[in-house]
Amino acid sequence: MTIKRFIIGRLSIIFAIYTIYISVSIFYNFHGLTMQNLREKSLITASTIKAGLTAHMNSGTMDKKDYFFQEIKYLKGIDKLWITRVQDIGLGDIKKVELDAIDEITIKTGEPQFIPYSVKGVDRFRVAVAYIASNEGNLKCLNCHHVKPGTTIGILNMDMDISKFKESNIHFIVFMFISFLVVGIISALVVISSLQRTVARPLNALIAMFAEAVRDYKEIDPETFELQEHRTIIKEMNHILSEIKERDNDIRTLNTFLEDTVTQRTTELQQKAITDSLTGLYNRNRLIEDLEKNADVEKSVLLINIDDFSQINNVYGMRIGDMVLKLVAGIIKKLKPDNAYLYRISGDEFLLMIVSPYDNQQHEIAHRLKDYVNNNYINIVGEELYIKITFTIGLDTNIEEVVVRHATVAFMEAREQGKNRVQVYSPDSLTEQHYKNNLYWANELKKAIERHDIIPYFQPIIDNSTGKISKFEALVRMKDSTGAIISPIYFLEPARKTGIFTSITKIMIDKTFEYFRDKPYEFSINLTDFDFKEGFLLDYLRQQSRQFNIHPSRVVLEILEGISMKGTKDTIEQINDLCALDFKIAIDDFGTEYSNFSRLLELQVDYIKIDGSFIKGIATNKNSRKIVKSITDFAHSINTGVIAEYVHCKEVQDIVLELGIDYSQGYHFSEPVIDINKIHES
């Protein structure tokens, strides 16, 4: 902002405030003065009228009072004039008028009343003055009628229109406001012009000269300016200029020091960003840089994992674990070839990248590393501790950046086949096919959710006492982009690994509740351990029950045996809370894992579903039959219903009936269907 603009802005604000203040003051004071003048004029007029009436009383000519009123009512500004009689003293024949509120206040206080008011937008002014008897002039009328001095004979009322008077006042105020505004603007322009000539121009010149002086280290001549104040400022500026000259070398030295410090610190931070703080090796960030740098070069990647490293931390503590990691880093660094880079990419994983490997170099290095740790102990100096470790190594050679992923796949395959081994990546390996399959179905599952193509199919459960359908189990299916119905065997594992299991559960709850809202059957929905970990089930199921008007007792929640038997305290509390709301609980696939009968006693279980692996072989396998018999007897002893899954033929169903199992489910009765109306009961 220039000095001129600054001055103009500040003066404009000052004069605006000044003008508004003066105008408001004039309006306020003039309005008060106007009302005061009205009061005084009213009192003078009232005194004149009272004097005339008194003269008539003194001359005994009150019979001519009407003539007097005709004369005075034409007084300027008075629209209406009347006297309200308050005492019947036999004086004249003035008619008595009812007192209003203003008359009563006048009588009570003995003081004149001045009342401004408005009628249909017209400003008016009423004056009420008490006419009090006084015998100072030995009035004939008062003496004759024996009226005591001080007696209030009546109230003299006057009413006048003051709108024109106030309008003229407003015109005057507007005139005064405009006059002050014009005078203020003219004064401001004069002051601005004067300040610009005497202050702004010299200051601008001074600033320009000082800027040039700083640039060229030249002092300014004070005699260039007329005002002593400007000369004083110039002397101060010259003093500052000399200090700048003296400190210039120090500033340059400081700048050099700061630049060197920043450069050094930046280098340290960059190094820290690509270095593992524990081992001093390169980290994953540097690996990404080196992969990009060697994008067109063949490279071999060895992903080296310390087998069961977590046990070292658990047994000896993390301090010893960190020492082992440092020693392992030193071993690999010592054995790596010159054309290789070493990185620590996670807790117990190291990656060795060999650039342009010769012949079979990568395999030699991998086996050399594995054999070295197999034949030697890790010596923890100062702790008298010797730890035996092994390596599992995944290996791939490639030009593309995907080489790291391939090495990871090879490592996963090696770990599945057994630890302490070297595995070379193969595109045909089961692990790679498994990963590709999971990736494919994860993408298909995501698209299906977006298309609302996760749908429930329903399989009937037969009440063996009646042979009729008593309930249905909702089974998840996925419709792909071609409209084909996909079994959950393909997409449930990807759903588990990608963390969208709970989304599928919510979809199944929503669609199943909506489907059975107008049907009389009991129905069951499968829950997973992920659903209990998320902690949404209690509120969500209660909300859906209310929304679709389905009583919780019609809903069976099927949970895997593992959840009920090894579930956390929170999971068990959720199951019990659901039972308290009247939801029914079924243990699915019972008999495959824990078969913990004592734990069942702690839970409020309504049904046990015997795993299909026992039911399918019940006709040919005596042991399966014994297990099923034991489970059934125990369940009945605690008043829990038993459901046989995978009943696929009449022979199996006959044995199920023989064992006293309460319910049957399987393809012998019906495969899962999207519409239960298509099921025909036998």
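It should be noted that the structure appears before, not after, this text.
Counting restarts for each chain: residues are numbered from 1 in the order of the written sequence. Residues qualify for local features only when their pLDDT is at least 70, as the model is predicted, and side-chain atom pairs are given and counted only at 80 or more; totals for whole chains, interfaces and linings, by contrast, use all residues. Based on all heavy atoms of the structure, the side-chain values leave hydrogens and waters out of the count.

Chemist: Quick rundown of the packing of helix α9 (residues 318-335) against helix α10 (residues 361-375)? Include the residues and the values.
Modeler: Every angle, taken between N-to-C directions, lies between 0 and 180 degrees, and every axis is a line fitted to C-alpha atoms, over only the stretch in contact when it is a helix. Elements are defined by DSSP. Helices are runs of H or I of four residues or more, strands are runs of E of two residues or more, and each kind is numbered from the N terminus. With their axes 11 Å apart at the nearest point, α9 and α10 run at an angle of 140° to one another. Considered as vectors, α9 and α10 are oriented oblique to each other. Note on packing geometry: the crossing formed by α9 with α10 is right-handed. Where α9 approaches α10, its residues Ile331, Ile332, Lys334 and Leu335 are matched on the opposing element by Ile365, Arg368, Leu369 and Tyr372. Gly is placed with the polar residues, together with every amino acid not listed as nonpolar (Ala, Val, Leu, Ile, Met, Phe, Trp, Tyr, Cys and Pro) or charged (Asp, Glu, Lys and Arg). For the contact of α9 with α10, a count of residues per class yields 6 nonpolar, no polar and 2 charged. When an angle is under 35 degrees it counts as roughly parallel; over 145 it counts as roughly antiparallel; between 65 and 115 it counts as roughly perpendicular; any other value is oblique. Whether a crossing is left-handed or right-handed is set by the direction in which the near helix is turned from the far one by less than a right angle, anticlockwise for left-handed and clockwise for right-handed. The contact definition used throughout considers only heavy atoms, calling two residues in contact when any of these lie within 4.5 Å.

Chemist: Now, about helix α13 (residues 488-498): what can you tell me, with residues and values included?
Modeler: Only protein chains enter the accessibility calculation, which uses a 1.4 Å probe; a residue whose area is less than 20% of its type maximum is buried, one above 50% is exposed, and one in between is partly exposed. Residues of α13 that are buried: Pro488, Phe491, Pro494 and Ala495. Each buried residue of α13 lies within a common arc of 145° when the element is viewed along its axis, so the set occupies one face. Exposed and oriented more than 90 degrees from the buried face of α13 are Ile489 and Lys497. Packing partners of the buried residues in α13 comprise α12 (430-450), β13 (468-479), β14 (485-486) and α14 (501-515). What the arc covers is the set of directions going from the helix axis to the C-beta atoms.

Chemist: Account for the packing of aromatic side chains, naming residues and giving values.
Modeler: Only the six-membered ring of Trp is used, alongside the rings of Phe and Tyr, when aromatic pairs are assigned; centres must lie within 6.5 Å, and planes under 30 degrees apart are stacked while those over 60 apart are edge-to-face, with the rest tilted. Counted under the stated rule, the structure contains 13 aromatic pairs. Their ring planes at 40° and their centres at 6.1 Å tell us that Tyr282 and Tyr343 sit as a pair that is tilted. Placement of the pair is Tyr282 in the loop between α6 (228-273) and α7 (284-293) and Tyr343 in strand β6 (residues 340-346), with a sequence separation of 61 residues. Residues Tyr515 and Phe516 carry aromatic rings whose centres are separated by 5.2 Å and whose planes lie at 80° to one another, so their mutual orientation is edge-to-face. By the burial criterion, Tyr515 is buried, and Phe516 matches it. Each residue in the set Phe458, Phe472, Phe513, Tyr515, Phe516, Tyr521 and Phe523 is aromatic and connected to the rest through ring pairs, giving one cluster. The ring centre of Phe536 lies 4.8 Å from the NZ or CZ of Lys506, which sits over that ring. A ring is considered to have a charge above it if a Lys NZ or an Arg CZ atom is located within 6 Å of its centre and within 35 degrees of its normal.

Chemist: With reference to specific residues and values, describe the packing of helix α11 (residues 403-417) against α12.
Modeler: Helix-helix packing: each pair is described by the crossing angle between the helix axes and the interaxial distance. At a minimum axis distance of 9 Å, the contact between α11 and α12 shows a crossing angle of 115°. The two elements α11 and α12 cross, and the hand of that crossing is right-handed. Here Arg405, Val409, Met412, Glu413 and Glu416 of α11 lie close against α12, whose contacting residues are Leu430, Thr431, Glu432 and Tyr435.

Chemist: Let's hear about the sheet that holds strand β10 (residues 391-398): which residues, and what values?
Modeler: Between any two strands, at least two bridges found by DSSP are needed for them to pair. As summarised here, the arrangement of the 5 strands in space is β6-β7-β5-β10-β11, forming an open sheet in which the pairing is mixed. Each end of this open sheet is capped by a strand with a single partner; those strands are β6 and β11 (422-424). The mean inter-strand angle of the sheet, taken between neighbouring strand axes irrespective of direction, is 20°. As paired elements, strand β5 (residues 299-306) and strand β7 (residues 349-355) share 7 bridges and run antiparallel to each other. Following the sheet pairing, Ile304 is matched in β7 by Phe350. In this fold α11 packs onto β5, β7, β10 and β11, with an angle of close to 145° to the strand it touches most, β10.

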